[in-house]
Amino acid sequence: MPRLASVGAPLNVVLVEPEIPQNAGNVARTCACTGARLHLVEPMGFRLTQRQLARAGCDYWDEVDVLRWPCAAAFFEAHGQDELHLFTGRAARLHSDATYGEGAFLVFGRESRGLDEGLLDAHAARCVRIPMRAGLRSLNLSNAVAIAAYEALRQQGWPGLG
């Protein structure tokens, strides 16, 4: 089972209301391999049971620092003043044009519809997008997280990575 987060992660990955356990498993693997802390915001489309974790196909869960939040409001109340980067296809600014400091939060929405519009409006200056061809809806969530995490860690000089 996931363990409670420790202090000092170079990066925080936030999944707001993830729906697909396999995506969460892939994201957990990315977090384990990079030392990023994973924040899971309820409600989720699955439960964090041993069966669901096994179904997600990730044997790295015991290597991931995980924090669970009861809702998006609780997460944003606790971290609204921190360095947040909200990922959405509707942003004008590219993810590679943002600057990611130590402990930055990379925030991603549900697979089916992303982050709520009200949330994006409230944090419009913090929104970024990953470039892709016009007319296509989105990248897979776990791929988007990997792209964003590795850009942030590259900018930070690959802390703790060999």
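Residues numbered from 1 in each chain as written. Predicted model: local features only at pLDDT ≥ 70, side-chain atom pairs only at ≥ 80, totals over all residues. Heavy atoms only, no water.

Student: Could you give an account of the pairing of strand β3 (residues 37–41), with specific residues and numbers?
Tutor: Of all the five residues making up β3, five are buried; the element is thus mostly covered by neighbouring parts of the structure. Neither face of β3 is exposed, since R37, H39 and V41 on one face and L38 and L40 on the opposite face are all buried. Crossover handedness for the path strand β2 (residues 11–16) to helix α1 (residues 21–34) to β3: right-handed. When β3 meets strand β4 (residues 65–69), the two strands line up parallel, connected through five bridges. (Buried < 20%, exposed > 50% of the residue type's maximum accessible area, 1.4 Å probe, protein only. Helix = DSSP H or I, 4+ residues; strand = E, 2+ residues; numbered from the N terminus. Right-handed = clockwise from strand over helix to strand, strands pointing away. Pairing = 2+ DSSP bridges.)

Student: An account of the packing of α1 against helix α5 (residues 141–155) is requested, with residue identities and associated values reported.
Tutor: Two elements in contact, α1 and α5, have axes separated by 8 Å at closest approach and are oriented at 15°. As far as their axial angle goes, α5 and α1 are roughly parallel. Note that α1 runs across α5; the crossing there is right-handed. For the pair α1 and α5, the contacting residues are N23, N26, V27, T30 and T34 in the first and L141, S142, V145, A146, A149, Y150 and L153 in the second. (Axes fitted to C-alpha atoms, helices over the stretch in contact; angles between N-to-C directions. Parallel < 35°, antiparallel > 145°, perpendicular 65-115°, else oblique. Left-handed = near helix turned anticlockwise from the far one by under 90°. Contact = heavy atoms within 4.5 Å.)

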